[in-house]
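Summary of structural features
What follows is each chain in one-letter form.
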Amino acid sequence: LRLVQIGCSPDESARIDYMNPHGDLFAAIGSLERRAARLGREWGLVIVDSIGEAISRAGGNPNDDRDVAPFMTTARLLTKLPGNPGVILLDHVTKAAEDGQQNDAGPAMHAAGSFRRRAAYDGASYAVEVKVSPAKGKPGRLAIYVAKDRHGNRPQRAIAAYAELEPCDGLIDGCLTIRLVAPKPTTDSDGKFRPTGLMERVSRWLEVN
């Protein structure tokens, strides 16, 4: 139903596998391998939502290095599945009101708990901040920050993109169109300051409000 709500066709829905394992990640990988052998499946992308819940379901503590470290090691095995998929691990930061992480410098970049999570990231991690909350019939806007870039391409807290969410007309209630927008530079080729990014944010706020 959720796939239909976001506008997936039957062919597109058939390309997506959903699992809700009650054991550990290693057992889930075994299930995927057997499914691949039985149906001739390959995957291009595997998403784990979320790290904390996956560790808890296996009887571990997501705040304990002794449980987090082996989980992150096992997660690397997902890249060895048929098709050698990319892997996205989702995590959740605590609310600013609870831990005071969000301040003038921006949102928290990492989830609370064991540092083993962020140390194990191979590639990049991103933090998502809600700028304008989407609702039924109301557009929203998210900011995507660079939390960690192991290869040093982007500094921490640089804005990687904005995600603009627009309600879809004429489709099942709840459908959204998501558009990624690259941040605009604040200087022109002549080096003069042009706060176009700030100007756009003011414009978007005026449009929404």
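Residues numbered from 1 in each chain as written. Predicted model: local features only at pLDDT ≥ 70, side-chain atom pairs only at ≥ 80, totals over all residues. Heavy atoms only, no water.

**Quick notes on unusual backbone geometry**
Cis rather than trans, the peptide bond between aspartate 49 and serine 50 has omega equal to 0 degrees. Phi at asparagine 84 is positive, roughly 45 degrees, even though this residue is not glycine. Phi is positive for arginine 157, which is not a glycine, with a value near 75 degrees. In this fold, arginine 157 is placed in the loop between β4 (140-149) and β5 (159-167). (Helix = DSSP H or I, 4+ residues; strand = E, 2+ residues; numbered from the N terminus.)

**Comments concerning the side chain of serine 50**
Along the chain, serine 50 falls in the loop between β1 (45-49) and α4 (51-57). Setting aside anything within four residues of it in sequence, one finds serine 50 in contact with Leu90, Asp91 and His92. (Contact = heavy atoms within 4.5 Å.)

**Thoughts on helix α3 (residues 25-39)**
With 15 residues, α3 ought to run about 21 Å at 1.5 Å a step, and its terminal C-alpha atoms sit 21 Å apart, in line with that. Listed as buried for α3 are Leu25, Ala28, Ile29, Gly30, Leu32 and Ala36. (Expected span 1.5 Å × (residues − 1). Buried < 20%, exposed > 50% of the residue type's maximum accessible area, 1.4 Å probe, protein only.)

**Some remarks on the packing of aromatic side chains**
Within the structure shown, the criterion is met by 0 aromatic pairs. For the cation-ring pair, arginine 141 lies above tyrosine 162, with the distance from its terminal atom to the ring centre recorded as 4.1 Å. (Phe/Tyr/Trp six-rings, centres within 6.5 Å; stacked < 30°, edge-to-face > 60°. Lys NZ or Arg CZ within 6 Å of the ring centre and 35° of its normal.)

**A short note on the layout of surface pockets**
Of the pockets and cavities examined, the largest pocket occupies roughly 1,300 Å³. As for the largest pocket, its lining consists of 33 residues, of which Asp17, Tyr18, Met19, Ile47 and Val48 are closest to the centre. Residue assignment for the lining of the largest pocket shows that the elements contributing at least two residues are α1 (2-5), α3, β1 and α4. In terms of residue count, the dominant contributor to the lining of the largest pocket is β1 (5 residues). Partitioning the lining of the largest pocket into residue classes produces 20 nonpolar, 4 polar and 9 charged. (1 Å grid on protein atoms, 1.4 Å probe; cavity = no way out; pocket = protein on both sides within 12 Å on 5 of 7 lines; lining within 4 Å. Points joined across faces, edges and corners; volume = space filled by probe spheres on them. Nonpolar A, V, L, I, M, F, W, Y, C, P; charged D, E, K, R; others polar.)

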